[in-house]
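A structural walkthrough
Next come the chains, spelled out residue by residue.
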Amino acid sequence: MHSFGQVELEKPTNRTDTCRMSDRTMVSGCSDWSIAFKQQCSVLYAADGVADLVSKRDAALTMSDYDRAIELYSAAIDLDFATATVFANRSKARSNKMLWDDVLLDAQKVIALDSHFYLDIS
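This section reports on the structure supplied with the text.

So, how was this worked out
- Residues numbered from 1 in each chain as written.
- Predicted model: local features only at pLDDT ≥ 70, side-chain atom pairs only at ≥ 80, totals over all residues.
- Heavy atoms only, no water.
- Helix = DSSP H or I, 4+ residues; strand = E, 2+ residues; numbered from the N terminus.
- Contact = heavy atoms within 4.5 Å.
- Core = buried A, V, L, I, M, F, W, Y, C linked by side-chain atoms within 4.5 Å.
- Buried < 20%, exposed > 50% of the residue type's maximum accessible area, 1.4 Å probe, protein only.
- Expected span 1.5 Å × (residues − 1).
- Salt bridge = Lys/Arg side-chain N within 4 Å of Asp/Glu carboxyl O.

When you line up the elements, Ala84 lands in helix H4 (residues 84-96). For the pair Ala84 and Ile111, spaced 27 residues apart in sequence, the C-alpha separation works out to 7.7 Å. Leaving out residues up to four positions away in the same chain, Ala84 has contacts with Val110, Leu113, Asp114 and Phe117.

To continue, consider the nonpolar core. Residues Leu61, Ala69, Tyr73, Val86, Ala93 and Val110 are the most contacted members of the largest nonpolar core, which totals 14 residues. Where this core is concerned, the elements lending two or more residues are helix H2 (50-62), helix H3 (66-78) and H4. Here this core gets 6 residues from one element, more than from any other, and that element is H3. When near neighbours in sequence (up to four residues on either side) are disregarded, Ala69 contacts Arg57, Ala60, Leu61 and Ala93.

On to H3, then. In this model, H3 (13 residues) spans 18 Å end to end at C-alpha, consistent with the 18 Å of a helix rising 1.5 Å per residue. Three or more residues of H3 are buried, namely Tyr66, Ala69, Ile70, Leu72, Tyr73, Ser74, Ala76 and Ile77. Directly beyond the C-terminal end of H3, a positive phi value near 65° is found at Asp80.

Another aspect to go through is the pattern of salt bridges. Taken as a whole and judged by the stated rule, the model has 4 salt bridges. One salt bridge in this structure joins Lys97 and Asp67, with 3.1 Å as the shortest N-O distance. A residue pair is termed long-range when its members are at least 10 positions apart, and Lys97 in the loop between H4 and helix H5 (100-113) and Asp67 in helix H3 qualify at 30 residues. In this structure, the salt-bridge partner of Glu71 is Arg68, at a minimum N-O distance of 3.2 Å. Taken together, the residues span about one helical turn, with Glu71 and Arg68 both in helix H3 at a distance of 3 residues. For Glu71, a relative accessible area of 46% translates into the label partly exposed.

Just geometry here; none of it tells us what the structure is for.
Take a look at the structure:
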């Protein structure tokens, strides 16, 4: 038995016994909390006005506040308000921070969402 924080893990006795009930309960509890938190954030996001938050994201990018722009575009993506434009703009902010791996991942997501989207990261 191994102790990890306050969770005790036992070695599985066979391949089908991959975790104990307490582990499944913990994962389920975390998942439930995560879903509830995301729903609360979505409500707050909508209550503040999507247009206002969109303008804040775009203003941060325009003002070359790339860290803030990345944070705001990432929040939109995390709250399921993602579009090809959101990924493209986050990619543009990341390119100005020279985060090339992240730029590529966002650009690939843009193409997956809209293969005809024009991505200008200059």
